[in-house]
Amino acid sequence: DSGVTQTPKHLITATGQRVTLRCSPRSGDLSVYWYQQSLDQGLQFLIQYYNGEERAKGNILERFSAQQFPDLHSELNLSSLELGDSALYFCASSVTRGTGELFFGEGSRLTVL
Amino acid sequence: AQKVTQAQTEISVVEKEDVTLDCVYETRDTTYYLFWYKQPPSGELVFLIRRNSFDEQNEISGRYSWNFQKSTSSFNFTITASQVVDSAVYFCALSAYINTDKLIFGTGTRLQVFP
């Protein structure tokens, strides 16, 4: 158990809908990261927050947005969903920036029908 | 551009065999970090090792060992005397030295260890 909690574990929705994925980092970790894992794209970095502020951005679509709240939990919002958004979305956390030693949650599996 | 290549999509071995997972990387940075992560069937990724580009010493941790060769841009991972519990997908990753927050992952190698 990494200490990172993600909800929901599974989500099935229809194209055009909007969903929110939630992540609670390990106690004390200030950095939260979102990664997407799909069959065709592999594991891709989406975005990172550090203590409430956006720190780094990767291949995140404009239809996607994220934020980190004062209690350090984070949410990833996916809107106008398309079939190709079906993937496993991971949240990870680390105590500081720049160590690369990330603690991953078990992921939220999103299926868009 | 940064890139990580794991040419081996899937490897199957019998328990107690040694197995090496290959990782080749590309980067224009002179300083960088390399990582290995394990993704067991439960799904979450587990950090195994981080190596910076200054340090080409090989590392051993129990049955795991890592061979970093800057000359060939490779960072290979060997499991000695493999066990069924080693069955997982293993990912190699790269990041810039200054910003180690953004990991570039390879496509992963699925290792199946049969009893």
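Here, the structure is the one placed above.
Enquirer: So, the overall build of chain B: which residues are in play, and what are the values?
Expert: For chain B, the helix and strand inventory stands at 0 helices and 12 strands. A principal-axis box enclosing the C-alpha atoms of chain B has dimensions of 45 × 25 × 20 Å. Across the 115 residues that make up chain B, the buried fraction comes to 43%. Of all intrachain contacts in chain B linking residues separated by at least 6 positions in sequence, the fraction that spans at least 24 positions is 57%. For chain B, the exposed area adds up to about 5600 Å²; of that, 50% sits on carbon and sulfur atoms. Taking the average location of the 10 positive side-chain charges in chain B and that of its 13 negative ones, the two points are 4 Å from each other.

Enquirer: So, the packing of aromatic side chains: which residues are in play, and what are the values?
Expert: Tallied over the full model, the rule gives 19 aromatic pairs over all chains. Here a set of aromatic residues connected by ring pairs shows up, and it is made of A:Y35, A:F45, A:F90, A:F104, B:Y33, B:F35, B:Y37, B:F47, B:F91 and B:F105.

Enquirer: For the side chain of B:N76, give the residues involved together with the corresponding values.
Expert: Residues and elements named next belong to chain B. With respect to the helices, strands and loops of the structure, N76 is situated in strand β9 (residues 74–79). A polar contact of 2.9 Å, which involves the side chain of N76, links it to the backbone nitrogen of C23. Excluding residues within four positions of it along the chain, N76 makes contact with T20, L21, D22, C23, W36, S65, W66 and N67.

Enquirer: Any chance you could break down the state of the cysteines for me, citing the residues and the numbers?
Expert: All names here are of chain B. Enumeration over the complete set of coordinates arrives at 2 disulfides over all chains. Here C23 connects covalently by a disulfide to C92, the sulfurs 2.0 Å from one another. Negative torsions about the S-S bond denote left-handed disulfides, and the value of about -65° found for C23 with C92 makes this one left-handed. In this pair, C23 sits in the loop between β3 (19–21) and β4 (24–26) while C92 sits in strand β10 (residues 88–96), placing the two residues 69 residues apart along the sequence. Each member of the pair, C23 as well as C92, is classed as buried.

Enquirer: Mind laying out the pattern of salt bridges, listing which residues take part and the relevant values?
Expert: Residue and element names in this part refer to chain B. With the rule as written, the count across this model stands at 7 salt bridges over all chains. When the shortest N-O distance is used, the salt bridge between R51 and D55 registers 3.0 Å. Judged by its relative accessible area of 25%, D55 falls in the partly exposed class. Residue D86 pairs with R63 through a salt bridge whose shortest N-O separation is 2.8 Å. Of this pair, D86 sits in the loop between β9 and β10 while R63 sits in the loop between β7 (59–61) and β8 (64–69), placing them 23 residues apart in sequence.

Enquirer: Can you lay out the environment of A:S108 for me, pointing to particular residues and giving the numbers?
Expert: All names here are of chain A. Mapped onto the elements, S108 comes out in strand β11 (residues 108–112). Between the C-alpha atoms of S108 and H10, which are 98 residues apart in sequence, the distance is 5.6 Å. When near neighbours in sequence (up to four residues on either side) are disregarded, S108 contacts Q6, T7, P8, K9, L21, A87, L88 and Y89. A polar contact of 2.6 Å, which involves the side chain of S108, links it to the backbone oxygen of P8.

The rules behind each value
- Residues numbered from 1 in each chain as written.
- Chains lettered and ligands numbered in written order.
- Predicted model: local features only at pLDDT ≥ 70, side-chain atom pairs only at ≥ 80, totals over all residues.
- Heavy atoms only, no water.
- Helix = DSSP H or I, 4+ residues; strand = E, 2+ residues; numbered from the N terminus.
- Buried < 20%, exposed > 50% of the residue type's maximum accessible area, 1.4 Å probe, protein only.
- Contact = heavy atoms within 4.5 Å.
- Areas by Shrake-Rupley, 256 points an atom, 1.4 Å probe, with all protein chains shown as cover.
- Lys, Arg positive; Asp, Glu negative; His and termini not counted.
- Charge placed at Lys NZ, Arg CZ, Asp CG, Glu CD.
- Phe/Tyr/Trp six-rings, centres within 6.5 Å; stacked < 30°, edge-to-face > 60°.
- Polar contact = N/O pair within 3.5 Å; in protein donor to acceptor, adjacent residues only side chain to side chain.
- Disulfide = S-S within 2.5 Å.
- Salt bridge = Lys/Arg side-chain N within 4 Å of Asp/Glu carboxyl O.

So yeah, pure geometry; function would need other evidence.
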